[in-house]
Amino acid sequence: DAGVIQSPRHEVTEMGQEVTLRCKPISGHNSLFWYRQTMMRGLELLIYFNNNVPIDDSGMPEDRFSAKMPNASFSTLKIQPSEPRDSAVYFCASSYGSGETQYFGPGTRLLVL
Amino acid sequence: SQQGEEDPQALSIQEGENATMNCSYKTSINNLQWYRQNSGRGLVHLILIRSNEREKHSGRLRVTLDTSKKSSSLLITASRAADTASYFCATDLTGANSKLTFGKGITLSVRP
(Lines give C-alpha, C1' and ligand atoms only; values in the text may rest on other atoms or scores of the structure.)
Protein backbone atom coordinates (compact mmCIF):
# COMPACT_ATOMS: atom_id res chain seq x y z
CA ASP A 1 0.00 0.00 0.00
CA ALA A 2 1.32 3.46 -0.89
CA GLY A 3 0.10 5.02 2.34
CA VAL A 4 -1.63 8.37 2.55
CA ILE A 5 -0.70 10.54 -0.41
CA GLN A 6 -0.67 14.31 -0.24
CA SER A 7 -0.02 16.88 -2.92
CA PRO A 8 1.64 19.19 -3.40
CA ARG A 9 4.48 18.57 -0.95
CA HIS A 10 5.47 22.22 -0.97
CA GLU A 11 3.49 25.29 -1.91
CA VAL A 12 4.63 28.89 -1.99
CA THR A 13 2.00 31.46 -2.81
CA GLU A 14 1.23 35.09 -2.37
CA MET A 15 -1.30 36.51 0.02
CA GLY A 16 -4.77 36.56 -1.47
CA GLN A 17 -4.28 33.57 -3.72
CA GLU A 18 -6.34 30.41 -3.53
CA VAL A 19 -4.59 27.30 -2.28
CA THR A 20 -5.86 23.75 -2.73
CA LEU A 21 -4.32 20.84 -0.87
CA ARG A 22 -5.12 17.29 -1.89
CA CYS A 23 -5.21 13.99 -0.08
CA LYS A 24 -5.70 10.36 -1.07
CA PRO A 25 -6.35 8.18 2.00
CA ILE A 26 -5.41 4.56 2.39
CA SER A 27 -7.83 2.32 0.52
CA GLY A 28 -10.46 0.86 2.84
CA HIS A 29 -10.12 3.53 5.51
CA ASN A 30 -13.38 5.28 6.33
CA SER A 31 -12.12 8.23 8.40
CA LEU A 32 -10.07 11.12 7.10
CA PHE A 33 -8.52 13.96 9.06
CA TRP A 34 -6.95 17.29 8.18
CA TYR A 35 -4.42 18.76 10.64
CA ARG A 36 -2.31 21.88 10.72
CA GLN A 37 1.03 22.03 12.53
CA THR A 38 2.97 25.12 13.53
CA MET A 39 5.66 25.74 16.11
CA MET A 40 3.41 28.11 18.01
CA ARG A 41 0.19 26.11 18.07
CA GLY A 42 1.38 22.54 17.67
CA LEU A 43 -0.82 20.00 15.90
CA GLU A 44 -4.40 21.17 15.40
CA LEU A 45 -7.29 19.12 14.05
CA LEU A 46 -9.08 21.17 11.43
CA ILE A 47 -11.82 18.79 10.26
CA TYR A 48 -12.55 15.12 9.98
CA PHE A 49 -14.81 12.97 7.84
CA ASN A 50 -16.45 9.61 8.46
CA ASN A 51 -17.66 7.78 5.35
CA ASN A 52 -17.13 10.98 3.31
CA VAL A 53 -19.36 13.04 5.62
CA PRO A 54 -17.88 15.94 7.63
CA ILE A 55 -18.35 15.15 11.31
CA ASP A 56 -16.49 17.89 13.14
CA ASP A 57 -15.25 21.08 11.53
CA SER A 58 -14.91 23.06 14.75
CA GLY A 59 -11.18 23.39 14.18
CA MET A 60 -11.51 25.17 10.85
CA PRO A 61 -10.11 28.63 11.57
CA GLU A 62 -12.58 30.68 9.60
CA ASP A 63 -14.68 30.84 6.47
CA ARG A 64 -11.60 31.12 4.33
CA PHE A 65 -11.05 27.41 4.93
CA SER A 66 -13.20 24.72 3.34
CA ALA A 67 -12.83 20.98 2.93
CA LYS A 68 -14.56 18.43 0.77
CA MET A 69 -14.54 14.69 0.37
CA PRO A 70 -16.42 13.86 -2.82
CA ASN A 71 -15.61 10.15 -2.60
CA ALA A 72 -13.81 7.65 -0.39
CA SER A 73 -10.46 8.09 -2.14
CA PHE A 74 -10.06 11.86 -2.36
CA SER A 75 -10.29 14.97 -0.22
CA THR A 76 -9.34 18.61 -0.63
CA LEU A 77 -8.62 21.43 1.77
CA LYS A 78 -9.00 24.86 0.22
CA ILE A 79 -7.89 28.23 1.56
CA GLN A 80 -9.34 31.25 -0.19
CA PRO A 81 -7.99 33.87 0.14
CA SER A 82 -4.74 32.78 1.76
CA GLU A 83 -2.95 34.89 4.38
CA PRO A 84 0.62 34.77 5.74
CA ARG A 85 -0.65 33.38 9.07
CA ASP A 86 -1.86 30.29 7.19
CA SER A 87 1.77 29.28 6.67
CA ALA A 88 2.14 25.85 8.25
CA VAL A 89 2.51 22.17 7.51
CA TYR A 90 -0.83 20.59 6.67
CA PHE A 91 -1.23 16.89 7.28
CA CYS A 92 -3.87 14.49 6.10
CA ALA A 93 -4.41 11.25 7.98
CA SER A 94 -6.75 8.30 7.56
CA SER A 95 -7.92 5.45 9.74
CA TYR A 96 -10.41 2.64 9.91
CA GLY A 97 -12.62 4.10 12.62
CA SER A 98 -12.23 7.66 13.89
CA GLY A 99 -10.65 6.73 17.21
CA GLU A 100 -8.29 4.10 15.91
CA THR A 101 -4.72 4.21 14.62
CA GLN A 102 -4.19 7.07 12.21
CA TYR A 103 -1.82 6.94 9.26
CA PHE A 104 -0.37 10.27 8.32
CA GLY A 105 0.68 11.55 4.95
CA PRO A 106 4.02 13.34 4.47
CA GLY A 107 2.37 16.75 4.74
CA THR A 108 2.17 19.85 2.59
CA ARG A 109 4.47 22.66 3.63
CA LEU A 110 2.64 25.91 2.83
CA LEU A 111 4.28 29.31 2.78
CA VAL A 112 2.11 32.34 2.13
CA LEU A 113 4.12 35.46 1.35
CA SER B 1 -6.59 23.06 28.07
CA GLN B 2 -5.07 20.05 26.33
CA GLN B 3 -6.70 16.68 26.88
CA GLY B 4 -3.37 14.91 26.62
CA GLU B 5 -0.40 16.68 28.16
CA GLU B 6 3.07 15.21 27.82
CA ASP B 7 5.85 15.55 30.32
CA PRO B 8 8.63 16.52 30.11
CA GLN B 9 8.53 18.93 27.16
CA ALA B 10 12.08 18.03 26.24
CA LEU B 11 14.42 15.21 27.17
CA SER B 12 18.09 14.72 26.38
CA ILE B 13 19.80 11.41 27.13
CA GLN B 14 22.88 9.44 26.19
CA GLU B 15 22.67 6.59 23.73
CA GLY B 16 22.01 3.35 25.56
CA GLU B 17 20.04 4.97 28.35
CA ASN B 18 16.31 4.51 28.83
CA ALA B 19 13.88 7.31 28.03
CA THR B 20 10.63 7.71 29.94
CA MET B 21 7.90 10.04 28.74
CA ASN B 22 4.60 10.68 30.46
CA CYS B 23 1.14 11.70 29.35
CA SER B 24 -1.78 12.81 31.49
CA TYR B 25 -5.36 13.31 30.40
CA LYS B 26 -8.54 14.63 31.93
CA THR B 27 -11.58 12.62 30.84
CA SER B 28 -12.48 9.01 30.10
CA ILE B 29 -10.85 7.41 27.11
CA ASN B 30 -11.39 4.43 24.83
CA ASN B 31 -7.71 4.19 24.04
CA LEU B 32 -4.45 6.09 24.22
CA GLN B 33 -1.87 6.10 21.45
CA TRP B 34 1.74 7.19 21.09
CA TYR B 35 3.16 8.60 17.87
CA ARG B 36 6.64 9.62 16.76
CA GLN B 37 7.50 12.46 14.40
CA ASN B 38 10.91 12.83 12.83
CA SER B 39 11.85 16.31 11.72
CA GLY B 40 10.04 17.31 8.54
CA ARG B 41 7.95 14.14 8.42
CA GLY B 42 4.42 13.02 9.22
CA LEU B 43 3.53 11.32 12.48
CA VAL B 44 4.06 7.59 12.72
CA HIS B 45 1.96 5.40 14.98
CA LEU B 46 3.96 3.52 17.62
CA ILE B 47 1.54 1.77 19.91
CA LEU B 48 -2.12 1.77 21.00
CA ILE B 49 -3.29 0.77 24.46
CA ARG B 50 -6.98 0.33 25.23
CA SER B 51 -8.67 1.47 28.43
CA ASN B 52 -8.96 -2.11 29.73
CA GLU B 53 -5.24 -2.78 29.23
CA ARG B 54 -2.49 -1.85 31.67
CA GLU B 55 0.70 -2.54 29.74
CA LYS B 56 1.83 -3.24 26.19
CA HIS B 57 5.16 -3.95 24.62
CA SER B 58 6.46 -3.49 21.12
CA GLY B 59 10.15 -4.14 20.58
CA ARG B 60 12.05 -1.65 22.75
CA LEU B 61 8.85 0.22 23.59
CA ARG B 62 6.82 -0.32 26.73
CA VAL B 63 3.61 1.58 27.38
CA THR B 64 1.65 1.60 30.61
CA LEU B 65 -1.79 2.99 31.30
CA ASP B 66 -3.23 3.89 34.69
CA THR B 67 -6.86 4.89 34.21
CA SER B 68 -7.30 5.68 37.91
CA LYS B 69 -4.58 8.33 37.63
CA LYS B 70 -5.48 9.19 34.05
CA SER B 71 -1.90 8.82 32.96
CA SER B 72 0.30 6.83 30.63
CA SER B 73 4.02 6.40 30.21
CA LEU B 74 6.16 5.46 27.23
CA LEU B 75 9.48 3.81 27.97
CA ILE B 76 12.10 3.42 25.26
CA THR B 77 14.82 1.06 26.41
CA ALA B 78 18.42 1.10 25.21
CA SER B 79 17.90 4.29 23.25
CA ARG B 80 19.63 4.94 19.95
CA ALA B 81 20.50 8.14 18.13
CA ALA B 82 17.80 7.21 15.61
CA ASP B 83 15.18 7.55 18.37
CA THR B 84 15.74 11.30 18.29
CA ALA B 85 12.32 12.69 17.40
CA SER B 86 9.19 14.28 18.84
CA TYR B 87 6.78 11.96 20.60
CA PHE B 88 3.07 12.63 20.96
CA CYS B 89 0.37 11.01 22.99
CA ALA B 90 -3.16 11.01 21.61
CA THR B 91 -6.36 10.11 23.40
CA ASP B 92 -9.59 8.75 21.96
CA LEU B 93 -12.28 10.17 24.22
CA THR B 94 -15.36 8.14 25.06
CA GLY B 95 -18.63 9.26 23.55
CA ALA B 96 -20.07 9.67 20.11
CA ASN B 97 -17.97 10.77 17.16
CA SER B 98 -14.74 9.91 18.91
CA LYS B 99 -11.59 11.40 17.51
CA LEU B 100 -7.97 11.55 18.61
CA THR B 101 -6.78 14.56 20.59
CA PHE B 102 -3.03 15.09 20.40
CA GLY B 103 -0.78 16.63 23.02
CA LYS B 104 1.93 19.18 22.27
CA GLY B 105 4.66 16.56 22.10
CA ILE B 106 7.97 15.76 23.76
CA THR B 107 11.25 16.45 22.03
CA LEU B 108 13.67 13.59 22.64
CA SER B 109 17.34 14.00 21.83
CA VAL B 110 19.59 10.95 22.06
CA ARG B 111 23.27 11.85 22.06
CA PRO B 112 25.60 9.38 20.37
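Note: the structure precedes this text.
Residues numbered from 1 in each chain as written. Chains lettered and ligands numbered in written order. Predicted model: local features only at pLDDT ≥ 70, side-chain atom pairs only at ≥ 80, totals over all residues. Heavy atoms only, no water.

A. Spotlight on the overall build of chain A. Looking only at helices and strands, chain A features 0 helices and 11 strands. In sequence order, chain A lays out its α and β elements as β-β-β-β-β-β-β-β-β-β-β. At 13 Å, chain A has a C-alpha radius of gyration in line with the 13 Å of a compact globule built from 113 residues. Counting only C-alpha atoms, chain A reaches 35 × 25 × 25 Å along its principal axes. Out of the 113 residues in chain A, the part that is buried amounts to 50%. Sequence separation of at least 24 residues holds for 54% of the intrachain contacts in chain A that already meet a minimum separation of 6. As presented, chain A carries roughly 5500 Å² of accessible surface, and 51% of it is formed by carbon and sulfur atoms. (Helix = DSSP H or I, 4+ residues; strand = E, 2+ residues; numbered from the N terminus. Rg over C-alpha atoms; globule rule 2.2 N^0.38 Å. Buried < 20%, exposed > 50% of the residue type's maximum accessible area, 1.4 Å probe, protein only. Contact = heavy atoms within 4.5 Å. Areas by Shrake-Rupley, 256 points an atom, 1.4 Å probe, with all protein chains shown as cover.)

B. Representation of the interface of chain B and chain A within the structure. Between chain B and chain A, the residue contacts involve 18 residues of the former and 18 residues of the latter. Where chain B abuts chain A, roughly 1400 Å² becomes buried across the two surfaces, and 47% of that area is made up of carbon and sulfur atoms. Of all residues in chain B, Leu 43, Lys 99 and Phe 102 of chain B give up the largest surface area on contact with chain A, accounting jointly for 32% of the area buried on that side. Counting every contact that joins chain B to chain A gives 1 salt bridge. Taking the shortest distance from any N to any O, the salt bridge between Arg 50 of chain B and Glu 100 of chain A comes out at 2.9 Å. Summed over the shared surface of chain B and chain A, the result is 7 residue pairs in polar contact (both at pLDDT 80 or more). Among the residues making up the side of chain B that touches chain A, the classes are represented as 6 nonpolar, 8 polar and 4 charged. (Buried area = accessible area lost by both parts, 1.4 Å probe. Salt bridge = Lys/Arg side-chain N within 4 Å of Asp/Glu carboxyl O. Polar contact = N/O pair within 3.5 Å; in protein donor to acceptor, adjacent residues only side chain to side chain. Nonpolar A, V, L, I, M, F, W, Y, C, P; charged D, E, K, R; others polar.)

C. Representation of the pairing of strand 3 (residues 19–24) of chain B within the structure. Residues and elements named next belong to chain B. Residues Ala 19, Met 21 and Cys 23 of strand 3 are buried on one face, while the alternating residues Thr 20, Asn 22 and Ser 24, pointing to the opposite face, are not. As paired elements, strand 1 (residues 5–7) and strand 3 share 3 bridges and run antiparallel to each other. Bridge pairing links Glu 6 to Cys 23 in strand 3. For strand 3 and strand 8 (residues 71–76), the ladder comprises 6 bridges, and the chain directions are antiparallel. (Pairing = 2+ DSSP bridges.)

D. View of the state of the cysteines. All names here are of chain A. One pass over the full model with this rule turns up 2 disulfides over all chains. Through a disulfide, Cys 23 is tied to Cys 92; the S-S separation comes to 1.9 Å. A torsion of -65 degrees about the S-S bond marks the disulfide between Cys 23 and Cys 92 as left-handed. With Cys 23 in strand 3 (residues 19–24) and Cys 92 in strand 9 (residues 88–95), this pair connects stretches of sequence that are 69 residues apart. According to the relative accessible area criterion, Cys 23 is buried, its value standing at 1%. (Disulfide = S-S within 2.5 Å.)

E. Spotlight on the sheet that holds strand 3 of chain A. Residue and element names in this part refer to chain A. Spatially, 4 strands are ordered 1-3-8-7 in an open sheet, and the strand pairing comes out antiparallel. Strands with a single pairing partner mark the edges of an open sheet, and in this sheet they are strand 1 (5–7) and strand 7 (65–71). Looking at each pair of strands side by side, their axes are set apart by 15 degrees on average, direction ignored. By the bridge criterion, 5 bridges tie strand 3 to strand 8 (residues 74–79) in an arrangement that is antiparallel. Paired with Cys 23 across the two strands is Ser 75, which belongs to strand 8. (Axes fitted to C-alpha atoms, helices over the stretch in contact; angles between N-to-C directions.)

Read these as layout, nothing more, since geometry by itself doesn't imply function.
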